[in-house]
Amino acid sequence: MKKLISMLIAMSLIFATVPLSRTAHAEGGAKAEILIEADTMQVLSSKNADAKLPMASVTKMMSLLLWAEAIEDGKLSLDETVKATSAVQEADGSIIWLVSGEEMTAAELLEAVIVASANDACIALAEHTAGSEAQFVKLMNKRAKELGMTNTHYTNCVGYDESGHYTTARDIAIVTAELMRHEVYRGWFLTWMDYLRGGETQLVNTNKMVRYYDGLVGGKTGTTDNAGCCLSVCAERGDMRLISVVLGCEDDDSRFDAAEALLDYGFESFQKFTPEIDSTKLLPITVTRGTKSSVMPVVEQNGSECIIKKGTAAAVEYEYTFVEQMEAPVEKGDFLGEYLVTADGVEVFRSDIVAAEEIPQISFWYCLMEILGQLFSM
C-alpha cells in the first residue's frame, strides 16, 4: 500500500502541475533538467524534462532506494557480511578494487557506493540482495513502474552506457524524492572523505556540493561518454525541500553550476502555501433515490500544501466546480467536483471534491419501514 500511494502521488502531482517558471536554466548547461519541491512534487522549473537520455551513475539512486527499503523491511542489515563474487572484478570506472571472495559489511559497501560511486561495490550488493545483478535489475524496473517512472528502463545497476538503459530528468526527480525520504544514508551522503580497509582505501565524494552548498541533504553524480556529466541533488532550507536534476552537461563544473542555479532560483523565488477552504462554497449535493436527499461535499486533500511564487499570496484565486446531482448509492469518497487553486494565473493546486458519507439506495423495505414509522408516530 505504501508503494502504491507513493506511485499515485508522484504521477498525479509531478505530471499534473504546470511549471511555475522556465527561466532558471544556466547558459551552456544541461540537455535536460528539472527542479521540484519534494514534499508536494510540484515542478518549479524544467527543460526537456521528458527527453529519454542515458543517466550514468545517477542510476544508483534506484539501487540505493531498493537497499534502503530492504533495510527498513529487515531484509538487509548494515552489519551483515557480503562476499564478493568474480563478477565484481569485471567492473570498471569508479571502483574500490574488490576481488572475488573478499568480504565487507553491507555498510562499508553502501558507503563506497554513495561516497565514491563504486561500481564493484554496487554489483556486490546487488548480487547479495537479489542473487544476481540481472535479477536485481528486474527489481529496479519493477520499482520504477510502481513509482510512475514511465520513461525509465534499466539494464544494469551501476549506470554503464548500454542500449535500453535510459531515463528522464522528471523520472530521476521522482526516484530522488522517494530516496530522500529515507534517513539511513544521511551521514554518508554528506561525507566528503573517508577510508575503508583500515585506511588503505580512500573514498572521496564525487558530489562536490557537500562541501559548500547550504542545506544540502544528498545527491548522486554520474559521468559516462554517452551520458555526459549528470547530477541529482536535494537541499532543504526552512520548510522547503528542493530536488535539482541535470542530465547531459558538458563537463564537471557545468553540472554543479546548473544544479546550484536551479536550487538557488527555487529557494529565492518560491514559498510554501496552504490553500484555504471556503466552507460556504461546499453546499449539499442533491441525491436521487437515496435514503437521504443530499450529501455533503468535502475537499479530499484539505490541509495540503503547495508552492507559490513569493509575493503572489494576495493573487491566489479559488475555483469550485460540482456535479449537478448524484444518484444513489453514493459511496464515501465518490467524486462530486473539483477544487482548483491558481496563483497569479498559474495552477498551483488541484484536488477532487468528494462525498463525505455513504448514502445507500432507497429500497422497498426501507420505504415500508418509513411508512410504518410514520403511521405509528401518529
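Since this is a predicted model, take the numbers as computed values, not measurements.

Enquirer: What is the right way to look at the nonpolar core in this model?
Expert: Soluble globular proteins tend to pack their nonpolar side chains together in the buried interior. Membership of the largest hydrophobic core comes to 74 residues, with the highest contact counts inside it found for Met62, Leu64, Trp67, Ile96, Leu109 and Tyr185. With residues near it in sequence (within four places) discarded, tryptophan 67 still touches Leu76, Leu110, Cys122, Leu125, Ala126, Thr129, Phe136 and Tyr185. Residues Tyr213, Leu231, Ala235 and Phe267 belong to the second largest nonpolar core, which totals 24 residues.

Enquirer: What is the right way to look at the pattern of salt bridges in this model?
Expert: As a working rule, side chains carrying opposite charge can pair if their charged atoms are close by. Across all of its chains, the model carries 19 salt bridges by this definition. Note that glutamate 69 and arginine 143 form a salt bridge whose closest N and O atoms lie 2.8 Å from each other. Of this pair, glutamate 69 sits in helix 2 (residues 60–72) while arginine 143 sits in helix 5 (residues 133–146), and the two are 74 residues apart along the sequence. An identical accessibility class is assigned to glutamate 69 and arginine 143; each is buried. Here lysine 272 and glutamate 305 are joined by a salt bridge, their closest N and O atoms 3.5 Å apart. Placement of lysine 272 in strand 10 (residues 270–273) and of glutamate 305 in the loop between strand 13 (297–299) and strand 14 (306–309) is noted, with a sequence separation of 33 residues between them. When its relative accessible area of 36% is taken as the criterion, glutamate 305 is described as partly exposed.

Enquirer: Would you mind going over empty space enclosed by the protein with me for this structure?
Expert: Once rolled over the atoms, a probe with the size of a water molecule shows which space is left empty. All chains considered together, the criterion is met by one cavity of 30 Å³ or more. In terms of lining, the largest cavity is formed by Pro275, Ile277, Val299, Gln301, Asn302, Gly303, Ser304, Tyr339 and Phe349. Across the lining of the largest cavity, the residue classes break down as five nonpolar, four polar and no charged.

Enquirer: When you look at the state of the cysteines in this model, what are you seeing that I'm missing?
Expert: Put plainly, two cysteines are in a disulfide when a covalent bond ties their sulfur atoms together. Enumeration according to the criterion identifies zero disulfides in this entry. Unpaired in this structure, cysteine 230 has its nearest cysteine sulfur neighbour in cysteine 249, at a distance of 7.3 Å. With a relative accessible area of 0%, cysteine 230 lands in the buried category. Summary of cysteine pairing: cysteine 249 is not part of a disulfide, and the nearest cysteine sulfur, belonging to cysteine 229, is at 7.0 Å.

Enquirer: Can you help me understand the sheet that holds strand 1 (residues 32–37) in this one?
Expert: Two strands in a sheet stick together by hydrogen bonds in their backbones, pointing the same way (parallel) or opposite ways (antiparallel). Spatially, the five strands line up as an open sheet ordered 2-1-9-8-7, and their pairing is antiparallel. Edge positions in the sheet fall to strand 2 (42–47) and strand 7 (216–224), since each of these pairs with one other strand and no more. Going across the sheet, the axis of each strand differs from the next one's by a mean of 10 degrees, ignoring polarity. The pairing of strand 8 (residues 228–237) with strand 9 (residues 240–249) spans eight bridges and is antiparallel. When the bridges of strand 9 are listed, glutamate 236 appears paired with arginine 241.

Enquirer: So what exactly am I meant to see when it comes to the environment of alanine 356 here?
Expert: Mapped onto the secondary structure, alanine 356 falls in the loop between strand 18 (346–355) and helix 9 (364–376). Accessibility expressed as a relative area gives 31% for alanine 356, which makes it partly exposed. As a C-alpha pair, alanine 356 and valine 295 span 61 residues in sequence and 7.1 Å in three-dimensional space. Once you skip the residues sitting within four places of it in the chain, alanine 356 turns out to touch Val295, Met296, Val298 and Lys332.

Enquirer: Could you clarify how one ought to interpret the packing of aromatic side chains in this entry?
Expert: Two descriptors summarise a pair of aromatic rings, namely the distance from one centre to the other and the angle between the planes of the rings. Within the structure shown, the criterion is met by seven aromatic pairs. Ring geometry for tyrosine 265 against phenylalanine 270: centres 5.5 Å apart, planes inclined by 85 degrees, an arrangement best described as edge-to-face. In terms of burial, tyrosine 265 and phenylalanine 270 fall into one category: buried. An angle of 20 degrees between the planes, with centres 6.1 Å apart, marks the rings of tyrosine 318 and tyrosine 339 as stacked. Taken as a pair, tyrosine 318 in strand 15 (residues 316–322) and tyrosine 339 in strand 17 (residues 335–343) lie far apart in primary sequence, 21 residues in all. Take tyrosine 339: its relative accessible area is 1%, and that puts it in the buried class. Members of the aromatic cluster, joined through ring pairs, are Tyr318, Tyr320, Tyr339 and Phe349.

Enquirer: For this particular structure, what's the right way to read the packing of helix 4 (residues 119–130) against helix 5?
Expert: In a packed pair of helices, the relevant descriptors are the angle between the two axes and the axis-to-axis distance. One way to put it is that helix 4 packs onto helix 5 with a least axis distance of 8 Å and a crossing angle of 85 degrees. One finds that helix 4 runs roughly perpendicular with respect to helix 5. Contact residues: helix 4 offers Ile123, Ala126, Glu127, Thr129 and Ala130, while helix 5 offers Glu133, Gln135, Phe136 and Leu139.

Enquirer: Explain the pairing of strand 7 to me, please; I cannot follow it from the model alone.
Expert: Two faces belong to every sheet, and in a regular strand the side chains alternate between them. Taking burial as the measure, the nine residues of strand 7 include eight buried ones, the bulk of the element. Of the strand pairs in this sheet, strand 7 and strand 8 are connected by eight bridges, and their pairing is antiparallel. Within strand 8, the position partnered with glycine 222 by the bridge is cysteine 230.

Basis of the calculations
- Residues numbered from 1 in each chain as written.
- Predicted model: local features only at pLDDT ≥ 70, side-chain atom pairs only at ≥ 80, totals over all residues.
- Heavy atoms only, no water.
- Core = buried A, V, L, I, M, F, W, Y, C linked by side-chain atoms within 4.5 Å.
- Buried < 20%, exposed > 50% of the residue type's maximum accessible area, 1.4 Å probe, protein only.
- Contact = heavy atoms within 4.5 Å.
- Salt bridge = Lys/Arg side-chain N within 4 Å of Asp/Glu carboxyl O.
- Helix = DSSP H or I, 4+ residues; strand = E, 2+ residues; numbered from the N terminus.
- 1 Å grid on protein atoms, 1.4 Å probe; cavity = no way out; pocket = protein on both sides within 12 Å on 5 of 7 lines; lining within 4 Å.
- Points joined across faces, edges and corners; volume = space filled by probe spheres on them.
- Nonpolar A, V, L, I, M, F, W, Y, C, P; charged D, E, K, R; others polar.
- Disulfide = S-S within 2.5 Å.
- Pairing = 2+ DSSP bridges.
- Axes fitted to C-alpha atoms, helices over the stretch in contact; angles between N-to-C directions.
- Phe/Tyr/Trp six-rings, centres within 6.5 Å; stacked < 30°, edge-to-face > 60°.
- Parallel < 35°, antiparallel > 145°, perpendicular 65-115°, else oblique.

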